[in-house]
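So the chains spell out like this:
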Amino acid sequence: MNFADRVNNLEPKGAYHMLARAQAMEAAGREVIHMEIGQPDIATFDNVAQVGMRAIREGYTRYTPSAGTPELRQAIAKDASHRRGVEITPEQVVVGPGAKTALFFPTLALVQPGDEVLYPDPGFPTYAAMIEVAGGTPVPVPLDEEHGFSFDLGAFDRLVSYRTRLIVINSPSNPTGGVMSPTALEHIAGAAAQHDIWVLSDEIYSRLVYDKPAASIITLPGMAGRTVICDGFSKTYAMTGWRLGYGIMPRDLAERVGLLLTHSVGCTASFTQVAGLEAINGPQEQVEKVAAEYQRRRDVLVNGLNEIPGVKCQTPGGAFYVFPNVKTFGKSSDWLANFLLEEAGVALLSGTSFGANGEGYLRLCFANPMRNIQTALEHIATALGRLG
Ligand code: PLP
């Protein structure tokens, strides 16, 4: 069959492929610990779920404005202004069904065929996909393991040019958990200003930070007019299946992105937006409690992995992933991920699910009960021990 070029290179996401394999093993009677899928292991906060269910009964089941209800856009603008310390107006907020819409649609609105787009590699697989669909040229920027998996700034300087239209950054990061330092952000902002480049800053994990907050590039001088923030409710409020995210961007761009929503998804589910309003306006202690629990799990997992001979694991500053370096085993990441699924009964992802520079790494998600993390560590240590 012939397809348009823009979809020819699209590939299934690694996590779903691994989940399907793990589920097939479970169906055959094997026990598997799931550390492959990146989503909170807790249910949506009860106050949010209750309000969402009530909203359906009360008739919030019809179309809303494409860019979101005025109430939700206003609440997001207020919350985002407060958290980032910059003024954001409701007109700059575009609500969509999932944060992915705040990645895909701004890219479609900004990138012309032939434009180069820099993005992190290893990075969230949607980045390369959306750049290709937009007709842009994906330019992967390697990450620097020793500096919290921030951009390798030497490589970045060599890759950025007058051809660059957009730079995608993600801090805290999926898959590494890395948080970019203020110095790295200033460096990227400097290049963006020099070459007149847009920055798409994926901040979906900004509330799941452990040692210190993650700075946002939008706060740097001159950046508000060239930054798109992608954020959402999936990770912070355990709402992955509700589909609710948003972008924050200059007003003119927000109008264009709103039109893309009008002509594609139409709008976000009305009751989901009502639930989102409750998530923002309701008590925030739950978010902090969950983040504190993730931090405990992170520490157990990082320490446990570093005790396994041959494994070297950085401590992630945010998100709920670790990205251990397993190069000493002399096997490909794909091979090791398969081996650990079959021999240890632990489903995790090969680093190459996130780009070619993920070779030599694995990704494990610690949004998992502590007992799963402990059992997984024991099984992984035993299996890797057999490799010698
Ligand atoms: N950005 C990153 C870095 C992610 O890890 C994810 C989800 O895994 C998303 C965006 C998409 O979030 P959503 O499920 O709200 O579309």
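Residues numbered from 1 in each chain as written. Predicted model: local features only at pLDDT ≥ 70, side-chain atom pairs only at ≥ 80, totals over all residues. Heavy atoms only, no water.

### Thoughts on the overall build of the protein chain
For step 1, the next point in the chain: For the protein chain, the helix and strand inventory stands at 13 helices and 13 strands.
For step 2, the next point in the chain: Radius of gyration (C-alpha) of the protein chain: 21 Å, near the 21 Å computed for a compact globule of 388 residues.
For step 3, the next point in the chain: With the C-alpha coordinates aligned to their principal axes, the bounding extent of the protein chain is approximately 60 × 55 × 50 Å.
For step 4, the next point in the chain: Across the protein chain, the fraction of contacts at a sequence separation of at least 24, relative to all contacts at a separation of at least 6, is 74%.
For step 5, the next point in the chain: Distance from the positive charge centre (32 side chains) to the negative charge centre (40 side chains) of the protein chain: 3 Å. (Helix = DSSP H or I, 4+ residues; strand = E, 2+ residues; numbered from the N terminus. Rg over C-alpha atoms; globule rule 2.2 N^0.38 Å. Contact = heavy atoms within 4.5 Å. Lys, Arg positive; Asp, Glu negative; His and termini not counted. Charge placed at Lys NZ, Arg CZ, Asp CG, Glu CD.)

### Quick word on the domain arrangement of the protein chain
Bring the parts together and some accessible area is lost; that lost area is often taken as the interface size.
For step 1, the next point in the chain: Along its sequence, the protein chain is carved into domain 1 (5-44 + 285-385) and domain 2 (47-281).
For step 2, the next point in the chain: Taking only C-alpha atoms, the centre of domain 1 and the centre of domain 2 are 25 Å apart.
For step 3, the next point in the chain: The interface is formed by 36 residues belonging to domain 1 together with 36 residues belonging to domain 2.
For step 4, the next point in the chain: Counting each side, the surface lost to burial between domain 1 and domain 2 is near 3100 Å², with a carbon and sulfur contribution of 56%.
For step 5, the next point in the chain: Of all residues in domain 1, Thr44, Val287 and Phe354 give up the largest surface area on contact with domain 2, accounting jointly for 21% of the area buried on that side. (Domains from an automatic or database assignment. Buried area = accessible area lost by both parts, 1.4 Å probe.)

### Concerning the side chain of Asn174
For step 1, the next point in the chain: In this structure, Asn174 sits in the loop between strand S6 (164-170) and helix H8 (182-195).
For step 2, the next point in the chain: For Asn174, the side chain forms a polar contact with the side chain of Arg363, separated by 2.7 Å. (Polar contact = N/O pair within 3.5 Å; in protein donor to acceptor, adjacent residues only side chain to side chain.)

### A short note on the pairing of S6
For step 1, the next point in the chain: Of all the seven residues making up S6, six are buried; the element is thus mostly covered by neighbouring parts of the structure.
For step 2, the next point in the chain: Bridge count between S6 and strand S7 (residues 198-202): five bridges; the pairing is parallel. Bridged to Ile167 within S7 is Val199.
For step 3, the next point in the chain: A crossover connection joins S6 to the parallel S7 through H8; in handedness this β-α-β unit is right-handed. (Buried < 20%, exposed > 50% of the residue type's maximum accessible area, 1.4 Å probe, protein only. Pairing = 2+ DSSP bridges. Right-handed = clockwise from strand over helix to strand, strands pointing away.)

### A closer look at the sheet that holds strand S12 (residues 349-350)
For step 1, the next point in the chain: What the three strands build is an open sheet, ordered S10-S13-S12; its pairing is antiparallel. Where the open sheet ends on each side, the last strands, each with one partner, are strand S10 (321-322) and S12.
For step 2, the next point in the chain: Two elements, S12 and strand S13 (residues 362-365), share two bridges in a ladder whose sense is antiparallel. For Leu349, the partnering residue across the bridge sits in S13 and is Arg363.

### Points about the packing of helix H4 (residues 70-84) against helix H10 (residues 270-281)
For step 1, the next point in the chain: Packing of H4 against H10 leaves a shortest axis separation of 10 Å and a crossing angle of 25°. For the element pair H4 / H10, the angle class is roughly parallel. Here H4 runs over H10; the crossing is left-handed. Counted together, Glu71, Leu72, Ala75, Ile76 and Asp79 of H4 and Gln273, Gly276, Leu277, Ile280 and Asn281 of H10 form the full contact between these two elements.
For step 2, the next point in the chain: Its residues assigned to classes, the contact of H4 with H10 comprises five nonpolar, three polar and two charged. (Axes fitted to C-alpha atoms, helices over the stretch in contact; angles between N-to-C directions. Parallel < 35°, antiparallel > 145°, perpendicular 65-115°, else oblique. Left-handed = near helix turned anticlockwise from the far one by under 90°. Nonpolar A, V, L, I, M, F, W, Y, C, P; charged D, E, K, R; others polar.)

### A closer look at the site of the ligand
For step 1, the next point in the chain: Close to the ligand lie 14 residues, the nearest being Asn174, Asp202, Tyr205, Ser234 and Lys235.
For step 2, the next point in the chain: Asn174 has a polar side-chain atom sitting 2.8 Å from an oxygen atom of the ligand.
For step 3, the next point in the chain: A distance of 2.6 Å separates a nitrogen atom of the ligand from a polar atom in the side chain of Asp202.
For step 4, the next point in the chain: Taken by itself the ligand offers 400 Å² of open surface, and the protein chains cover 94% of this.
For step 5, the next point in the chain: The residue makeup of the shell around the ligand, split by class, is six nonpolar, four polar and four charged. (Near = heavy atom within 4 Å. Areas by Shrake-Rupley, 256 points an atom, 1.4 Å probe, with all protein chains shown as cover.)

### Considerations on the sheet that holds strand S8 (residues 227-232)
Backbone-to-backbone hydrogen bonds pair the strands of a sheet. The strands run either parallel or antiparallel.
For step 1, the next point in the chain: Strand order in this open sheet of eight strands is S2-S9-S8-S7-S6-S3-S4-S5, and the pairing throughout is mixed. Strands at the two margins of the open sheet, each flanked by one partner only, are strand S2 (93-96) and strand S5 (150-151).
For step 2, the next point in the chain: Pairing geometry for strand S3 (residues 116-121) and strand S4 (residues 137-144), over six bridges, is parallel. Bridging across to S4, Asp121 finds its partner in Pro142.
For step 3, the next point in the chain: Strands S3, S4, S6 and S7 of the sheet are contacted by helix H6 (residues 126-133), whose axis makes an angle of about 165° with S3.

### Observations concerning the pattern of salt bridges
For step 1, the next point in the chain: Overall, the coordinates contain 14 salt bridges when judged by the stated rule.
For step 2, the next point in the chain: Here Glu58 makes a salt bridge to Arg54, at a shortest N to O gap of 3.6 Å.
For step 3, the next point in the chain: Glu203 is the partner of Arg84 in a salt bridge, and the nearest nitrogen-oxygen pair spans 2.7 Å. Placement of Arg84 in helix H4 and of Glu203 in the loop between S7 and S8 is noted, with a sequence separation of 119 residues between them. Assigned by exposure class, Arg84 and Glu203 land together as buried.
For step 4, the next point in the chain: Linked through salt bridges whose partners overlap, the residues forming this network are Asp41, Glu293, Arg296 and Arg297. (Salt bridge = Lys/Arg side-chain N within 4 Å of Asp/Glu carboxyl O.)

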